[in-house]
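# Examining the three-dimensional arrangement
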Amino acid sequence: AIVDNFLSPSAVSRLRADARSMYQENQFIVDALAGYGQKAGAHDKAKFDSSKDRAVFPAYIPSQKRDGPFVSDLGDADARRALTSTISQLRFDLAKGLDRPGLDTPDGPNNHEIS
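Residues numbered from 1 in each chain as written. Predicted model: local features only at pLDDT ≥ 70, side-chain atom pairs only at ≥ 80, totals over all residues. Heavy atoms only, no water.

### Section: helix H1 (residues 9–24)
- A rise of 1.5 Å per residue sets the reference length of H1, with its 16 residues, at 22 Å; its end C-alpha atoms lie 22 Å apart and thus fit the reference within 8%.
- In this structure, the buried residues of H1 make contact with helix H3 (77–97). (Helix = DSSP H or I, 4+ residues; strand = E, 2+ residues; numbered from the N terminus. Expected span 1.5 Å × (residues − 1). Contact = heavy atoms within 4.5 Å.)

### Examining unusual backbone geometry
- The phi torsion at asparagine 5 lies on the positive side, around 55°, for a residue other than glycine.
- Inspection of the secondary structure puts asparagine 5 in the segment before H1.
- A relative accessible area of 63% means that asparagine 5 is categorised as exposed.
- Phi at aspartate 99 is positive, roughly 55°, even though this residue is not glycine. (Buried < 20%, exposed > 50% of the residue type's maximum accessible area, 1.4 Å probe, protein only.)

### Observations regarding H3
- The terminal C-alpha atoms of H3, which comprises 21 residues, lie 30 Å apart, in line with the 30 Å expected from a rise of 1.5 Å per residue.
- Burial in H3 covers these residues: Ala77, Ala79, Arg80, Leu83, Thr84, Ile87, Ser88, Arg91 and Ala95.
- Along its buried surface, H3 packs onto H1.
- Within two residues after H3, aspartate 99 carries a phi angle of roughly 55°, on the positive side.

Structural data, given as structure tokens:
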């Protein structure tokens, strides 16, 4: 289903500005998928360009003792928390409406992505 204005224009603007700022501050890293294309035997190894792989904001990194879902001292964490809350409510509504309790993932220190 498509829900018009699921996120308000102001929320989208804040999230885009946050992502742009965090990217400019080198807070994004190339995803681990980049390494798979470099492995020996990879089908299109010669064509693989890791700079074109997706970049992610590593909000939850146990080895660096960063807690999820978002590091509060970087960027506009309030905008990201609001997005997390909106997605949490969506998961709750879907889990209830579709009788799929597994869709309702509680917020917690390991809830580090929205997918």
